[in-house]
Amino acid sequence: MLCCQTDGTPKQISLLPKNQKAIRSVPKCLSKCDKTVYFAEKASSLGKDWHKFCLKCERCNKTLTPGGPAEHDGKPFCHKTCYATLFGPKGVNTGGAGS
């Protein structure tokens, strides 16, 4: 907002309290879309913000629930099926990193 000083020159003033920031960063979706995530469409998981339909397993592409996915290198995975198969211990019918 602009206001005039006593000499008539314009002066920028803030209507916000000094301890409040004027511009808040808007989170970006961490999936492949990389678009702005607004509150109504936000799903928070793995400490990050996602669109609800962008939070998908990296292996099978199944939509995941916030707070539920397993994580490897910052990417979400289904717990029992995909994560266990890719990164679980080797053994009979369990997959593992070497299978």
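For the structure itself, consult the block above.
Let me begin by describing the structure that accompanies this report. Predicted model only: the values in this text are computed from it and were never measured.

**Examining the pairing of strand β3 (residues 42–45)**
Phase 1: Of the two faces of β3, only the one carrying Ala43 and Ser45 is buried; Lys42 and Ser44 on the other face are not.
Phase 2: In the sheet, β3 pairs with strand β4 (residues 48–51) via four bridges, with the strands oriented antiparallel. Opposite Ser44, over in β4, you have Asp49 as the bridge partner.
Phase 3: Linkage of β3 to β4, two consecutive antiparallel strands, is achieved through a turn of two residues, within which Leu46 is found at a positive phi near 60 degrees.

**Looking at unusual backbone geometry**
Phase 1: Even without being glycine, Leu46 reaches a positive phi, approximately 60 degrees.
Phase 2: Looking at the secondary structure, you find Leu46 in the loop between β3 and β4.
Phase 3: A residue is classified by how much of its surface remains accessible, and Leu46, at 27% relative accessible area, is partly exposed.
Phase 4: The backbone of Asp73 shows a phi angle near 55 degrees, a positive value even though the residue is not glycine.
Phase 5: Relative to the assigned elements, Asp73 resides in the loop between β5 (70–72) and β6 (75–77).
Phase 6: In this structure Asp73 comes out as exposed when scored by relative accessible area, which is 69%.

**Examining the nonpolar core**
If you look at soluble globular proteins, the nonpolar side chains tend to sit buried side by side.
Phase 1: Ranked by size, the top nonpolar core spans nine residues in total: Cys29, Val37, Trp50, Leu55, Cys57, Leu64, Phe77, Cys78 and Cys82.
Phase 2: Discounting chain neighbours no more than four positions away, the residues touching Cys29 are Asp34, Lys35, Val37, Asp49, Trp50, His51 and Cys54.

**Here we look at the environment of Arg59**
Phase 1: Mapping Arg59 onto the fold places it in the loop between β4 and β5.
Phase 2: Looking at Arg59, the relative accessible area reads 46%, which means it is partly exposed.
Phase 3: For the pair Arg59 and Tyr83, spaced 24 residues apart in sequence, the C-alpha separation works out to 8.5 Å.
Phase 4: With residues near it in sequence (within four places) discarded, Arg59 still touches Phe77, Thr81, Cys82, Thr85 and Leu86.

Reading the values: rules and limits
Residues numbered from 1 in each chain as written. Predicted model: local features only at pLDDT ≥ 70, side-chain atom pairs only at ≥ 80, totals over all residues. Heavy atoms only, no water. Buried < 20%, exposed > 50% of the residue type's maximum accessible area, 1.4 Å probe, protein only. Helix = DSSP H or I, 4+ residues; strand = E, 2+ residues; numbered from the N terminus. Pairing = 2+ DSSP bridges. Core = buried A, V, L, I, M, F, W, Y, C linked by side-chain atoms within 4.5 Å. Contact = heavy atoms within 4.5 Å.

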